[in-house]
Structures are given as structure tokens and as C-alpha cells.
Number of protein chains: 2
Amino acid sequence: MSLLIVGLGPGAGAGMTAQAREALEAADVIVGYTAYVDLVRKEFPCKELVTTPMRKEVERCRTALGRATQGEEVAMICSGDPGVYGMASLVLELADEYPPVDVEVVPGVTAATAGAALLGAPLTHDFAVISLSDLLTPWDDIERRLRMAARANFVLCLYNPASHKRPHHLRHACDILLEELPASRPCGIARNVGRSKEEARTLTLGELRAFEADMFTTAFVGNASTYVSGNRLVTPRGYLQREA
Amino acid sequence: MSLLIVGLGPGAGAGMTAQAREALEAADVIVGYTAYVDLVRKEFPCKELVTTPMRKEVERCRTALGRATQGEEVAMICSGDPGVYGMASLVLELADEYPPVDVEVVPGVTAATAGAALLGAPLTHDFAVISLSDLLTPWDDIERRLRMAARANFVLCLYNPASHKRPHHLRHACDILLEELPASRPCGIARNVGRSKEEARTLTLGELRAFEADMFTTAFVGNASTYVSGNRLVTPRGYLQREA
């Protein structure tokens, strides 16, 4: 009895690992949020696909664990990596109630590194990953993390910068960062990575404040050394500076 | 004229993406650090493979860029993701000197998420990634980031916790963290992920201080909510807590 929590990587296409593809091929049933199941539907037309809507995360995990207890090989899919704001922890939290099920996490390329690759190399030094969603995290905690990360000169990677119900979170986050960092600080956004309408562009922190992000956007804020070259966002690791 | 900087993921096996594999198959020449080239030698026996030793990073990138200017399709390989302490930024820094070369980064599963998957789900909330190598970064900067990240209740993922020349960095880092966090704080280590002698285990921050890490180890320090269940390290995202 096994449940694999599988990261699709960006867009579930060429960014998927061989291990993830094998897990989906071996599964009797694939469970996931509707939008993610749609990503794999074409490639696995003969699989049983079980979808649950957003905000029904506990139900989705219980469905997957329940099916696994019946002896089926179950794959639960997540966009990107299941361990970065994905279902891995919730499944493991619930798994104690389904003792015979063997749970395994299959990692994937997360939006931080997929978006970074599209922009160039913004994350090539110490970085902090912060979700701007306050559905499960008090905004005060998010604000404190933004401030501390900026003060410690981390590169920042911001997940969930906005949604229909939270259109102003990115602006609020930038207002906090602008108390610590210059408005000229190089930043970047990546959107729909690995999907149609894929987009990446550089901008300043001041411009990021006004950017209309959506739930398919990942935002990057450079550290003090990050610079823009052409359309690329680059954070030096320090090799050239050492030799200079 | 193109140079692809390709992330092999953990161990260059089943954790590699289809996009990375295609890039290596299409390359005329594969350039990399000796240990990483050895990982792909078996699978691509007919390719020209160019290796350079550690600490020769600038030379390695110039070799790759130079070969690309000669019209060859060049793939430079990095373990994990090329944008996380990899060669992506150095290549882009140097690329201005080789204007005709089109540089592209092919992301891979980085040690943070590959190690996390093996441990369970330690990174399923905001996290900070910090390298403990002070070859290119002043130790004072590393120390400040450790302290700020602990104070802001980030999960921590520590790259390069030790090497032959820096055997005590993990202990020094834990000493700083222990000023901010309890010795009982759940932690984890992952070693040789995706390779032979793969290993993952949970331990406390007090125990992590004494752990003999090597350069193939990634260390994880939980946030205030992280707990150990069986042999798993789990950081709740908050779904169950919201419903409780």
C-alpha cells in the first residue's frame, strides 16, 4: 500500500523528472487539484483521475490515503515540488491515521529554481523563500520575515504574491521591503513557467510594487550585489570578485 | 551558438528532468567539474567530455563559452540546480565577453528539495537557504543570516556544511543557532541523495552540532512548528490547525 506525493515540476512537461513520470505510469489512480490533474490528463488518458477543488486540501489528502489503504498504488500530484507549499506535509500529518500506507515524496523542480532559470541566475547566493498568502499564516509573521530577510541581505523569492481575494499583497510586501531596500533594487518576475504564455522580466523594486501579479507569478528581489544585464537578473556568487 | 547550463538534479539519474536529458543528448560537448562529469559518463559514452577540477570555476566557464563561440552546442553540467550555488551566475557574468553565445539555464531538482523529500516535508513553510562555505562569503555575513533567519522563524536549509578544509563550520553555525533556538529543535540531515550510500535521518539541533557532515550533506533546521514523526521531519503548513 503506497502513496507517492509527486512533484510535476513547472508545467508537468519536459520539466518533470524521470522518477516522477515513472511514479505516474505505475499508479492505479492519480489524485490532485483540478488544475494540476488537467496538466497530466493528456499524457495519461487511461488512468483513473480524481480531482478535488482548491481549499479542499484535507479532503484531497484523505481521499488519496483512503484509496491507498484499499491496496491501490496512488499518486498525488502537486505543481512544482510537493514539499514547497505543497501537500507533502499535510499528507504526512494525516498519515498516522492510515498506518499501513507507505508514503513517499518524489521531488520536483520548484517555481523558485524554474523561475530563476528563466530570469538568469538571481538565486545564486543565500536566499529566502516566503509565501505572501495569509490564508494559513498571520500577516505579521510574513511581514517580520520579509523585513529580517531584507536586513540580512538574502535574495528573496516570493510565492503566491497575489490572488483574486488578495490582490494587494505584493504591494504591501514591497512597501515593507522599501523601508529596508532602495527602490532601484533589481527584481524579477516569472509567470506561467513551463506553460503557455510563459513570461519573465526584470524590473526594479519600485516597479514590482505596482506589478499586477497573479497566482501563477513568482517574484524575485535581488540582494545588494544583484544586477541586470540585458534581460537577465544575475546575483554573483563571488568567483570573479575573489580573483579581482 | 548556444551554451546550456544544465542541472543534473540529485545524482544525475531518475531525478534528472526530461529537458536536462534532451540538452545532454543534443550537446556536442559536455563540460563540468570532474565528479559531475563522472555521473553522466556512463550514460553518454560517445560524447566529448571536458573536465576541470574544483576551484577552477572561472576556467571551466571560459572553456564552455569558448567552445560555444566555435559553433558547438555546449552543455555545462552542475549537480542539483545550476542556479543554487552553481555555475549559472558565473557563466552569465562572463557571457558579456562572448557576445554571440546564447546562454540558457536548464533547472534541476536542488539538494534542498531532494533532501527534504527524503526526510519527509521539512520545507513546507517559509525557508531560508544558506551556504556555510566562507570561501566566497565573509563568515560574518553567514553568521548574521543564520541569526536573522532563526529569529524570523524560517526553516533553515544549510548547504556546504563542511569540507576537508572547513570541518567545523556546521558546529560554529549550530552554536549561533543555539543562542536563538532550543537544543531540542527538530533537525535533519540528508547525504548522498540520489547516489549510493543515500542517507537521511532526524536529530535535534544539539545533536546536529556534533554531527560529522561532509560535502555531500545537506542539513535542515526546523521552525517552531516542525516535529518528528517516526523517521520523518514534518513542518505543518497549517491546514489542520485552521480546521481545529
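Structure first, text after, so check above.
One numbering rule holds for all chains: residues counted from 1, following each sequence as written. Chains and ligands are labelled sequentially in the order written, the chains with letters from A and the ligands with numbers from 1. Restriction of local features to residues with pLDDT of at least 70 applies here, the model being predicted, together with a cutoff of 80 or more for giving and counting side-chain atom pairs; totals for whole chains, interfaces and linings are based on all residues. Computation of side-chain values covers all heavy atoms of the structure but excludes hydrogens and water.

Chemist: Quick one: what's the story with the overall build of chain A, residue by residue and with numbers?
Modeler: Of regular secondary structure, chain A possesses nine helices and 13 strands. Taken over C-alpha atoms, the radius of gyration comes to 19 Å for chain A, in line with the 18 Å a tight globule of 244 residues would show. Based on the C-alpha atoms only, the size of chain A along its principal axes is roughly 60 × 35 × 35 Å. Counting only residues that meet the buried cut, chain A has 59% of its 244 residues in that class. Two residues qualify as a contact provided that any one of their heavy atoms is within 4.5 Å of a heavy atom in the partner residue. In chain A, the proportion of contacts linking residues at least 24 apart, taken out of those at least 6 apart, comes to 68%. As presented, chain A carries roughly 9200 Å² of accessible surface, and 48% of it is formed by carbon and sulfur atoms. Charge convention: Lys and Arg are scored as positive, Asp and Glu as negative, and His as well as the terminal groups of each chain are ignored. The location of each charge is read from NZ of Lys, CZ of Arg, CG of Asp or CD of Glu. Of the side-chain charges in chain A, 25 are positive and 30 negative, and the distance between the mean point of each set is 6 Å. For helices the rule is a DSSP run of H or I covering at least 4 residues; for strands it is a run of E covering at least 2, with both sets numbered from the N terminus onward. It is over C-alpha atoms that the radius of gyration is taken, and the globule rule equals 2.2 Å times the number of residues to the power 0.38. Think of it in three bands: residues with accessible area under 20% of the maximum for their type are buried, residues over 50% are exposed, and the middle band is partly exposed, with areas taken using a 1.4 Å probe on protein chains only. Computed with the Shrake-Rupley method and a 1.4 Å probe, the accessible areas treat only the protein chains shown as cover for residues.

Chemist: Account for the side chain of Thr113(B), with residues named and values stated.
Modeler: Along the chain, Thr113(B) falls in helix α5 (residues 111-119). Overall, the relative accessible area of 3% leaves Thr113(B) in the buried class. Every residue in contact with Thr113(B), bar those within four places of it in the chain, is listed here: Asp81(A), Val84(A), Pro107(A), Gly108(A), Thr110(A) and Leu123(B).

Chemist: Lay out the packing of helix α3 (residues 57-69) of chain B against helix α4 (residues 88-95) of chain B in plain terms, naming residues and giving numbers.
Modeler: All names here are of chain B. Relative to each other, α3 and α4 sit at 60 degrees, their axes nearing to 10 Å. Relative to α4, the element α3 is oriented oblique. Between α3 and α4 lies a crossing of right-handed hand. Within the contact between the two elements, α3 uses Glu57, Val58, Cys61, Arg62 and Leu65 and α4 uses Leu90, Val91, Leu94 and Ala95. Across the contact of α3 with α4, the residue classes tally to seven nonpolar, no polar and two charged. Think of each axis as a best-fit line through the C-alpha atoms, taken over the contacting stretch in the case of a helix, with angles from 0 to 180 degrees between the N-to-C directions. Each angle is binned into one of four classes, with values under 35 degrees roughly parallel, values over 145 roughly antiparallel, values of 65 to 115 roughly perpendicular, and all other values oblique. It is the rotation of the near helix from the far one that decides the hand of a crossing: anticlockwise by less than a right angle makes it left-handed, clockwise makes it right-handed. In the scheme used here, Gly and all other residues not listed as nonpolar or charged are polar, with Ala, Val, Leu, Ile, Met, Phe, Trp, Tyr, Cys and Pro taken as nonpolar and Asp, Glu, Lys and Arg as charged.

Chemist: Please give an account of the relation of the copies chain A and chain B that cites residues and values.
Modeler: Note that the two copies of the chain are related through a rotation about an axis and a translation along the same axis. Fitting of the copies onto one another was done by least squares over C-alpha atoms, counting residues only where both copies have pLDDT of at least 70. Least-squares fitting of chain A to chain B yields an RMSD of 0.0 Å, with the superposition described by an axial translation of 0.0 Å and a rotation of 180 degrees. Expressed as an axis order, the relation between the two copies is that of a two-fold axis. Looking at chain A, 100% of its interface residues are interface residues in chain B too, so the copies touch through the same face.

Chemist: Any details on the sheet that holds strand β5 (residues 102-106) of chain A? Residues and values, ideally.
Modeler: Residues and elements named next belong to chain A. Pairing is parallel across the open sheet formed by five strands, whose spatial order is β3-β2-β4-β1-β5. Each edge of the sheet is formed by a strand with only one pairing partner; in this case those strands are β3 (48-52) and β5. Going from strand to strand, the sheet's axes swing by 20 degrees on average, the running direction of each strand aside. Paired strands are those between which DSSP finds at least two bridges. The pairing of strand β1 (residues 2-7) with strand β4 (residues 73-78) spans six bridges and is parallel. Paired with Gly7 across the bridge in β4 is Cys78.

Chemist: Could you give me a rundown of the side chain of His125(A), with the residues and numbers involved?
Modeler: For His125(A), the position within the fold is in the loop between β6 (120-121) and β7 (127-131). By relative accessible area, which is 8% here, His125(A) ends up buried. Any pair of N or O atoms that falls within 3.5 Å is considered a polar contact. Within protein, one atom must be able to donate a hydrogen and the other to accept it, and sequence-neighbouring residues count only if both atoms are side-chain atoms. Looking at His125(A), its side chain comes within polar contact range of the side chain of Thr137(B), at 2.9 Å. Those residues in contact with His125(A), other than ones at most four positions away along the chain, are Asn223(A), Thr235(A), Pro236(A), Arg237(A), Tyr85(B), Thr137(B) and Arg145(B).

Chemist: Please provide a residue-by-residue account of the sheet that holds strand β6 (residues 120-121) of chain B, values included.
Modeler: Residue and element names in this part refer to chain B. On the basis of which strands lie adjacent, the open sheet formed by three strands has the order β6-β13-β12 and mixed pairing. Whereas interior strands pair on both sides, the edge strands pair on one side only; in this sheet they are β6 and β12 (227-229). One ladder, built from three bridges, connects β12 with strand β13 (residues 232-234); its direction is antiparallel. Across the sheet, Tyr227 pairs through a bridge with Val234, a residue of β13.

Chemist: Any details on the pairing of β7(A)? Residues and values, ideally.
Modeler: Of all five residues making up β7(A), five are buried, and the element is well covered by its neighbours. Of the two faces of β7(A), the one holding Phe127(A), Val129(A) and Ser131(A) and the one holding Ala128(A) and Ile130(A) are both buried throughout. With its strands directed away from the observer, a crossover is right-handed exactly when the path from the first strand over the helix to the second travels clockwise. Each parallel crossover has a hand, and the one from β7(A) via helix α6 (residues 139-151) of chain A to strand β8 (residues 155-159) of chain A is right-handed. Sheet topology places β7(A) next to strand β7 (residues 127-131) of chain B; three bridges connect them, and they run antiparallel. Residue pairing for β7(B): Val129(A) is matched across the bridge by Phe127(B).

Chemist: Describe the interface of chain A and chain B, and please don't skip the residues or the numbers.
Modeler: Contacts between the two partners involve 68 residues from chain A and, on the opposite side, 68 residues from chain B. Values labelled buried area give the accessible surface lost by two parts on being combined, using a 1.4 Å probe and summing over both. Buried surface at the junction of chain A and chain B, summed over both partners, amounts to about 6100 Å²; 58% is from carbon and sulfur atoms. When the area that chain A buries against chain B is broken down by residue, the three leading residues are Leu136(A), Arg145(A) and Tyr239(A), summing to 12%. Any carboxyl oxygen of Asp or Glu that lies within 4 Å of a side-chain nitrogen of Lys or Arg is treated as forming a salt bridge with it. At the boundary of chain A with chain B, the tally comes to four salt bridges. Here the side of chain A that touches chain B gets six residues from one element, more than from any other, and that element is helix α4 (residues 88-95) of chain A.

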